[in-house]
Amino acid sequence: MDTLVTGRVWVVGDSVTTDAMYPAFAMKLPVAEAARHVFYELRPGWTDQVQLGDIVVAGRNFGLGSSRPVAALFRELGVAALMAEEFNSLFLRNCINHGLPALTVPGVTRSFTDGDTARLDFAEGWAENLGSGTRLAGGALPSLVLDILAAGGIVPKLAREGYVPIPAGSGR
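Scope of this entry: the structure provided in the associated data block.

Reading the values: rules and limits
Residues numbered from 1 in each chain as written. Predicted model: local features only at pLDDT ≥ 70, side-chain atom pairs only at ≥ 80, totals over all residues. Heavy atoms only, no water. Axes fitted to C-alpha atoms, helices over the stretch in contact; angles between N-to-C directions. Helix = DSSP H or I, 4+ residues; strand = E, 2+ residues; numbered from the N terminus. Parallel < 35°, antiparallel > 145°, perpendicular 65-115°, else oblique. Left-handed = near helix turned anticlockwise from the far one by under 90°. Contact = heavy atoms within 4.5 Å. Nonpolar A, V, L, I, M, F, W, Y, C, P; charged D, E, K, R; others polar. Pairing = 2+ DSSP bridges. Patch = residues over 30% accessible without salt bridge, like charges linked within 9 Å, V, L, I, M, F, W, Y side chains within 5 Å. Areas by Shrake-Rupley, 256 points an atom, 1.4 Å probe, with all protein chains shown as cover. Salt bridge = Lys/Arg side-chain N within 4 Å of Asp/Glu carboxyl O. Buried < 20%, exposed > 50% of the residue type's maximum accessible area, 1.4 Å probe, protein only.

## Brief notes about the packing of helix H4 (residues 70-77) against helix H5 (residues 89-97)
It is the contact of H4 with H5, at a shortest axis distance of 8 Å, that shows an interaxial angle of 45 degrees. With respect to their mutual orientation, H4 and H5 come out oblique. In this structure, H4 meets H5 at a crossing whose hand is right-handed. Counting all contacts with H4, which are made through Val70, Ala71 and Phe74, the residues of H5 involved are Phe91, Asn94 and Cys95. Of the residues assigned to the contact of H4 with H5, the class counts are five nonpolar, one polar and no charged.

See the structure below:
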């Protein structure tokens, strides 16, 4: 699995809740349609601008609040990874379980602005702003987490290892 990701950056602030990322009205919609409403009030029109391979950068306590499965929506939009000063633990677990790399990187919101290009390695635990050359140390992801990400999430990993049935429509 390639643990190096390069992409355009989108920066959001501190204490962004899962409710702000995944509005209640969208929870009744299919994932593809619900994904069109990520950051609905926080950044209107963002889902029309985000592209495959982009990276979301956030401040402290990113993903606090309810346990809405936002990671599935980010993956649907093509977001390649998340970086934050600090993740809410439940949200972080949701990201990993859905196969979305999420790296804690102190100082990340001071080092990136919208449109910058970031390169990060979640196995080694660093992020770099390719425009400024600033390189930040983060928390490398443990090997078990890397295995889950490589499988595409926890359910595909467990299915591959024979612990649960292969999900319908997975093509595996």
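## A few points about the pairing of strand E1 (residues 4-11)
By the bridge criterion, five bridges tie E1 to strand E5 (residues 117-121) in an arrangement that is antiparallel. Bridge assignment links Val5 to a residue of E5, and that residue is Leu120. With three bridges joining them, E1 and strand E2 (residues 55-58) adopt parallel strand pairing. Bridged to Val11 within E2 is Val57.

## As for the side chain of Ser111
Structurally, the position occupied by Ser111 is in helix H6 (residues 108-111). Sequence-distant contacts of Ser111, that is, excluding residues within four places in its chain, are made with Asp116, Asn129, Thr134 and Leu136.

## Quick notes on a nonpolar patch on the surface
Nonpolar side chains collect at one region of the surface, where Val155, Tyr163 and Val164 lie side by side and expose about 290 Å² of accessible area between them. Along the chain, the position of Tyr163 falls in the segment after helix H8 (154-160).

## Overview of the pattern of salt bridges
Opposite charge on two side chains allows them to pair when their charged atoms are near. Applying the stated rule across the entire model yields seven salt bridges. In this structure, the salt-bridge partner of Asp48 is Arg36, at a minimum N-O distance of 2.6 Å. Highlighted residues: Asp48 in helix H3 (residues 46-49) and Arg36 in the loop between helix H2 (31-34) and H3, separated in sequence by 12 residues. Judged by relative accessible area, which is 62%, Asp48 ranks as exposed. A relative accessible area of 39% means that Arg36 is categorised as partly exposed. For Arg43, the salt bridge goes to Asp114, with nearest N and O atoms at 2.6 Å. Of this pair, Arg43 sits in the loop between H2 and H3 while Asp114 sits in the loop between H6 and E5, placing them 71 residues apart in sequence. Residue classification places Asp114 among the partly exposed residues on the basis of a relative accessible area of 38%.

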